[in-house]
There are 2 protein chains.
Amino acid sequence: MDEFALIDRFFANRGPVRADVRLGIGDDAAITRVDAGSELVIATDTLVEGTHFLPGTVPRSLGYRCLAVNLSDLAAMGAEPLWCTLSLTLPDGAADWVGSFAEGFMELAERFEIALIGGDTVRGPLAMTVTVHGRVDPGCAIRRAGAGAGDGIFVTGTFGAAAAGLASLRSGDAGAGSVARFLYPSPRIDAGRSLVGIASAMIDVSDGLHVDLARLLAASGLGATLAIETLPLPATAEPGRAVELALTGGDDYELCFTVPADRSEALELTACDWDCAVTRLGETHAESGLAWTAAGKTYPLPATGFRHFGADVP
Amino acid sequence: MDEFALIDRFFANRGPVRADVRLGIGDDAAITRVDAGSELVIATDTLVEGTHFLPGTVPRSLGYRCLAVNLSDLAAMGAEPLWCTLSLTLPDGAADWVGSFAEGFMELAERFEIALIGGDTVRGPLAMTVTVHGRVDPGCAIRRAGAGAGDGIFVTGTFGAAAAGLASLRSGDAGAGSVARFLYPSPRIDAGRSLVGIASAMIDVSDGLHVDLARLLAASGLGATLAIETLPLPATAEPGRAVELALTGGDDYELCFTVPADRSEALELTACDWDCAVTRLGETHAESGLAWTAAGKTYPLPATGFRHFGADVP
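Residues numbered from 1 in each chain as written. Chains lettered and ligands numbered in written order. Predicted model: local features only at pLDDT ≥ 70, side-chain atom pairs only at ≥ 80, totals over all residues.

**Topic: the environment of A:Leu126**
Residue and element names in this part refer to chain A. By the element assignment, Leu-126 lies in the loop between strand S5 (115–123) and strand S6 (127–136). By C-beta crowding, Leu-126 is classed as buried, having 21 other C-beta atoms within 10 Å. Expressed as a C-alpha distance, the spacing of Leu-126 and Leu-195, which sit 69 residues apart in the sequence, is 36 Å. Setting aside its immediate chain neighbours within four residues, Leu-126 contacts Glu-49, Thr-89, Leu-90 and Pro-91. (Helix = DSSP H or I, 4+ residues; strand = E, 2+ residues; numbered from the N terminus. Buried ≥ 20, exposed ≤ 12 C-beta atoms within 10 Å, placed from the backbone. Contact = placed C-beta atoms within 7 Å.)

Right, dumping it as structure tokens:
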């Protein structure tokens, strides 16, 4: 058995055991059961060294983060996590590295009771692809399209800390408080699930609040004009760059969603149980386009938001 | 919209349309429906340049092959293909390259009516990860474990042509007849599905017949002693190396399976409809281990079979 087969065994029999998994790692494929009256929600995301994370990033963060960014997609649909697969491409099979990577991955898998049911470990430039599966009641998944004119626009948490953390890592300051927000984002699974039947549209914010909210509005055929004074900024934000980082920084993995006026009370009730803040940014309008104001005047945005693949990280 | 977003659009609205896909590419996740009375079969495989294929490989083959190797895993479980996701890591977003890649991918997707429901396109060293989903009736998936002592051992097709094709490619002879067997393997979906209720255990042969049959036997707690004279070799095989390539060459993506004696007739009946040969290699025995004979004497194998990640391809 070679080093990569050993790594596969390292991941087998780890993490949550679920009754709906009939066969996990070790055969040509996994076998799962789906309850009648469920729809499956499926998402996949890849992280590549030099594009999505800096060379030398601690392996525990990579293991955690490659699952977190995928769970965030499930959160944005209002789905309950079920199972995932992991494809890990490694330059070599260093056992220590893989041990820490698996620790980060399994920490998050345990928290959200998502079973690792299969995968692949191959040699090549460092990268990881995770595919996640979740469930919703039929017709209950929350899409980007679905917002109505006049719906309130809300976000979870704060914006800009992950981008500030990445900037600190780039400049060699791994001790900055915001670094953890980049390395260990919190997928908003509980908030997302509790928004089923309340939110009319939802997206997770991975590429920056401006770009992702604009996507939601475009999918719903709407627009909005919002005041930057409403943006929830991290307590530690640098005043000079806070708004720019919040709007275009990326990697926050918060939720952005719309709620019709007659469900505002339901939102208030359910948000009491969340472990994160919820902030109302304003409301949608029928005219398309997303604009921002500062002290009532148009706030000019940089031409483009954050794009992972627009430029390499380092 | 940047080049990678354009590529994503290139894959959207392509390939088979399925009634069980409620939402495909374009949101945070896809939404699918699963019939009551189904179990899902899920597999994932990654191909990396320099490890699984030579630099400069024609993109149509890469698109075809990254789906084919995954469909082969579904075939080995006896599953019916449903949906897949594709994560494509590209050094740049060359439109011509992506067009040919998508052509190869969609050709196979159409043939097996598997819907592309989501994915990710990112910048980085050339690689592709596909995750496939299939269905079986509850409890009907064919695993590696399950063979009984005395069951017949069978294979589809012939062995060794893919490895011969790879060797030709390496030596610059892209015109050799066997090259197509490496570039465009045929996943044995129809044969695999028709073996439900007939085969007691099954595996697809990706790493060489010896290694993969040994895995099936080990999972079933059995062994076998087989004569190399029974091996189905390609008509064009080089006599000197044919047996070694057949046993250890890899990349054949044929099926290897066991059938209890009382289902041999059922196998004969169903195999009439296949578009590939079926060959009986011998039978399992209770003692563990897989050995080969030539003219009745022990046939010595090379120490290890083909391992993608044991050595780089070039």
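So that's the structure; there's more coming.
**Section: the relation of the copies chain B and chain A**
Overlaying chain B with chain A gives an RMSD of 0.0 Å, the required rotation being 180 degrees about an axis along which the chain moves by 0.0 Å. Within this description, the copies of the chain are treated as partners about a two-fold rotation axis. In terms of C-alpha distance to the rotation axis, chain B has B:Ala36 as its closest residue, with the C-alpha 2.7 Å off the axis. By residue overlap, the copies meet face to face through one surface: 100% of the interface positions of chain B are interface positions in chain A. (Least-squares fit on C-alpha atoms with pLDDT ≥ 70 in both.)

**Let's talk about the nonpolar core**
Membership of the largest hydrophobic core comes to 197 residues, with the highest contact counts inside it found for A:Val41, A:Leu67, A:Leu74, B:Val41, B:Leu67 and B:Leu74. Sequence-distant contacts of A:Leu67, that is, excluding residues within four places in its chain, are made with A:Cys84, A:Phe105, A:Leu108, A:Ala109 and A:Val130. (Core = buried A, V, L, I, M, F, W, Y, C linked by C-beta atoms within 7 Å.)

**Things to note about the sheet that holds strand S3 (residues 39–48) of chain B**
The pairing of strands in a sheet comes from backbone hydrogen bonds and takes either a parallel or an antiparallel form. The six strands are arranged S1(A)-S2(A)-S3(B)-S6(B)-S4(B)-S5(B) in an open sheet whose pairing can be described as mixed. On the outer flanks of this sheet lie strand S1 (21–23) of chain A together with strand S5 (115–123) of chain B, each paired with one strand and no other. Pairwise comparison of adjacent strand axes, ignoring direction, gives a mean angle of 20 degrees for this sheet. Pairing of S1(A) with strand S2 (residues 30–33) of chain A, which is carried by two bridges, proceeds in the antiparallel orientation. (Pairing = 2+ DSSP bridges. Axes fitted to C-alpha atoms, helices over the stretch in contact; angles between N-to-C directions.)

**Structural notes on the interface of chain B and chain A**
Residue-level contacts link 51 residues of chain B with 51 residues of chain A. Elements with a minimum of two residues in the side of chain B that touches chain A: strand S1 (21–23), strand S2 (30–33), S3, helix H2 (59–77), strand S4 (80–90), S5, strand S6 (127–136) and strand S8 (201–205) of chain B. Among the elements that take part in the side of chain B that touches chain A, S3(B) stands out by supplying nine residues, more than any other.

**Description of the sheet that holds strand S13 (residues 297–298) of chain B**
Residues and elements named next belong to chain B. Pairing within the open sheet is mixed, and its seven strands lie in the order S8-S10-S7-S11-S9-S12-S13. Each edge of the open sheet carries a strand with a single partner, namely S8 and S13. Bridging between strand S9 (residues 223–227) and strand S12 (residues 289–294) involves five bridges; their strand directions are parallel. Looking at the pairing, Ala-224 lines up with Leu-290 of S12. Contacting S8 and strand S10 (254–259), H2 crosses the sheet at an angle of about 165 degrees to S8.

Spatial relationships are all this shows, so hold off on functional conclusions.
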